[in-house]
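Chain and residue survey
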Amino acid sequence: MTSNGAVIRTDRPQVRRFRFLRRPKDFALRCLLYVAVMIGAVAFAIPFYWMVRTAVMPGREVYSWPPVWIPSEIQLQHFAAPFRAWPFERWFLNSGIVATLTVLGVVTSASIVGYGFACLRFRGRDQLFLIVLASMILPQQVVLVPTYLLFVRLGWNNTFLPLIVPVWLGPPFFIFLLRQFFMTIPREMLEAAYIDGCSPLGTYFRIALPLSLPALGVCAIFAFTFAWNDFLYPLIYLTRIDLYTVAIGLRLLQGMLGRNIQALMAAATLGALPTILLFFIAQRYFVQGIVITGVKG
Amino acid sequence: MSHQRREALYGLICISPWIIGFLVFTLGPIIASLLISLFRTDFLSTWDFVGGRNYSLMASDLLARKALGNTAYYAFAVVPLNTVIALGIAVLLNQGIKGQGFWRTIYYLPSVVSIVAVSMLWRWLYHPDIGLLNSILAVFGIQGPRWIYSEQWAMPSIIMMAAWGAGGAMLIFLAGLRGIPTELYEAAEIDGAGSIRKFFAVTIPMLTPTIFFNVVMSIIGSWQVFAQSFIMTEGGPNNATLTLVLYLYRKGFQQFYFGYAASLAWLLFGVVLIFVLIALRSATAWVHYERV
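Because the structure is predicted, anything quoted here is derived from the model rather than measured.

**So, unusual backbone geometry**
- Following B:Gly236, the chain continues to B:Pro237 via a peptide bond in cis, the omega torsion being -10°.
- Topologically, B:Pro237 is positioned in the loop between helix H11 (227-232) and helix H12 (244-254).
- Here A:Asn158, not a glycine, exhibits a phi torsion of approximately 60°, which is positive.
- Counting through the fold element by element, A:Asn158 comes out in the loop between helix H7 (141-153) and helix H8 (161-168).
- Using a count of 14 C-beta atoms within 10 Å as the deciding quantity, one classes A:Asn158 as partly exposed.

This is the structure:
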């Protein structure tokens with residue numbers, strides 16, 4: 001029953017693995033598989049549905065028991081509540097500024113540093129790269145207190161600089177990701193450029209950088225998501241409400257609008273939307289990026 | 001200048017941003033953090049040298065102990081739970097089911113949402129009287145607990161919420177599963193292995209490097225749990241969800257005992273290091289690095 005299958009070749013290896021399912025008695029197993037995947041997916045999706053449902057349903061239905069699953073009508077007025085009381089749109093702008101500058105910093109600095117670690121040979125390179133890896137393990141809380149002292153002394157509290165400047169100076173995770181990518185460029189390709197008279201930097205701009213655009217896209221998406229969702233750093237460095245990012249703004253709203261669960265859920269939906277949209281637009285890159293970090297890590 | 005020396009020079013120029021960043025934002029602060037932990041300081045008026053007092057204080061500080069215990073509870077639950085859930089979903093999705101991309105998206109989506117929005121949402125789902133969870137339980141005639149408002153259930157609530165974010169690890173497992181050569185399954189089949197046997201004799205051993213990677217990342221991440229309890233419970237009820245980083249934040253950034261906060265950070269680092277080292281040392285026994 002097994003040996004005859006080994007000759008069948010299809011282009012979908014994962015299907016081939018389970019060809020035993022083609023037998024009638026295993027049709028039931030196949031159904032069971034789909035049921036399991038579907039139940040899991042429903043469990044993962046329901047919280048999102050509940051969030052949006054709570055935000056748009058008429059107020060009287062929110063607190064009814066048993067709960068109303070499908071709102072009798074859709075109302076959008078609760079999405080305006082966070083904007084009425086607080087500079088919610090300003091927080092979006094702030095998060096957007098921080099996230100954009102983070103993305104630019106990651107793409108510029110991690111890319112050139114990753115190129116240096118992957119494509120150029122110099123003494124001590126591999127030892128230094130080990131330090132990059134080790135610093136990924138270090139919990140950021142260890143450096144939290146001293147960097148706070150540093151930034152406060154520099155007068156950088158209540159500016160975006162503490163959130164942005166470190167990113168422009170080679171963030172280890174992204175160096176690692178891009179170095180792994182640059183390692184896949186054949187050495188012969190770079191040497192050909194040297195022979196044609198390119199300097200190592202010229203080789204970076206003419207060969208390595210254009211080749212790495214997809215990997216840079218991955219980094220950009222990750223960096224945007226990390227920056228948008230960051231909580232601890234903005235919480236510590238930003239105390240003026242007009243400088244808040246969405247993440248810490250949501251927390252302020254929770255304290256203030258605590259009773260109005262509909263406005264809170266509307267605000268949470270809006271705050272979650274940018275990264276969700278980004279994921280949908282750039283899904284392919286997202287998945288690819290995780291392949292780079294995960295498998296080779 | 002020879003080609004090699006030129007290359008070395010450019011190499012150093014290229015990595016110089018990282019060198020500066022590492023010195024200013026990592027190595028410098030590590031040393032400074034060690035020094036600060038020897039002081040009693042609010043960074044303004046007081047800078048009293050107290051030697052190891054912060055550390056001996058920590059040993060007798062009941063709240064620090066509680067925070068350590070709570071964080072251990074969280075980490076010991078979340079690391080295996082999320083690994084098993086992520087692996088389970090990945091294996092299911094890897095059976096050649098139709099619309100894999102669609103299912104993958106659903107399972108992964110919670111991982112891209114900000115932890116603040118997630119915590120706000122789950123706080124609402126956990127509402128003891130009209131929350132989603134207890135209303136589902138009520139359908140089955142079960143009177144649900146008071147979740148985040150109960151000392152006993154608050155930490156399990158935060159742990160369950162963490163399982164919702166298992167999608168990131170799931171994607172890494174999916175990538176790892178794709179990397180297993182089909183020849184191995186064919187060979188196992190020729191040897192007469194059934195699907196369960198194939199799972200334990202081929203899939204799991206070939207996946208151990210990925211499992212190892214995920215476990216290490218999960219150890220590092222889970223010990224740093226903060227925003228969840230900060231937003232959902234503020235460490236309560238009765239400090240049942242007070243975590244190490246939340247306690248560090250309170251001591252340092254709310255009560256301005258920065259020296260004590262720095263020594264708490266070193267406690268956290270020590271614990272993370274111990275568990276990462278245990279994982280690394282144990283790796284030789286169970287991680288299968290054979291490449292086919």
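**So, H8(A)**
- Every buried residue belonging to H8(A) is among A:Pro162, A:Leu163, A:Pro166 and A:Val167, and all of these are buried. In an axial view of H8(A), the angular spread of the buried residues amounts to 125°, which keeps them on one side of the axis.
- On its buried face, H8(A) is in contact with helix H5 (88-119), H7 and helix H13 (232-237) of chain A together with helix H1 (3-36) of chain B.
- Immediately downstream of H8(A), the backbone of A:Gly170 shows phi near 65°, a positive value.

**As for the domain arrangement of chain B**
- Here the domain parsing of chain B yields domain 1 (1-36) and domain 2 (52-286).
- Distance from the C-alpha centre of domain 1 of chain B to the C-alpha centre of domain 2 of chain B: 34 Å.

**Observations concerning the packing of helix H9 (residues 182-190) of chain B against helix H10 (residues 195-222) of chain B**
All names here are of chain B.
- Where H9 contacts H10, the axes come no closer than 10 Å and their chain directions differ by 155°. If you check the angle between H9 and H10, you find them roughly antiparallel. Here H9 runs over H10; the crossing is right-handed. Contact with H9, carried on its side by Leu184, Tyr185 and Ala188, involves Lys198, Ala201, Val202 and Met206 of H10 and no other residues of that element.
- Along the lines of polarity and charge, the residues of the contact of H9 with H10 split into six nonpolar, no polar and one charged.

**Notes on the nonpolar core**
- Judged by nonpolar contacts, the single largest core of 163 residues is most densely connected at A:Cys219, A:Ala268, B:Met170 and B:Leu264.
- Ignoring any residue separated from it by four or fewer positions in sequence, one finds A:Ala268 in contact with A:Met51, A:Leu250, B:Ala117, B:Met120 and B:Leu121.

Rules and cut-offs
- Residues numbered from 1 in each chain as written.
- Chains lettered and ligands numbered in written order.
- Predicted model: local features only at pLDDT ≥ 70, side-chain atom pairs only at ≥ 80, totals over all residues.
- Helix = DSSP H or I, 4+ residues; strand = E, 2+ residues; numbered from the N terminus.
- Buried ≥ 20, exposed ≤ 12 C-beta atoms within 10 Å, placed from the backbone.
- Arc of directions from axis to C-beta.
- Contact = placed C-beta atoms within 7 Å.
- Domains from an automatic or database assignment.
- Axes fitted to C-alpha atoms, helices over the stretch in contact; angles between N-to-C directions.
- Parallel < 35°, antiparallel > 145°, perpendicular 65-115°, else oblique.
- Left-handed = near helix turned anticlockwise from the far one by under 90°.
- Nonpolar A, V, L, I, M, F, W, Y, C, P; charged D, E, K, R; others polar.
- Core = buried A, V, L, I, M, F, W, Y, C linked by C-beta atoms within 7 Å.

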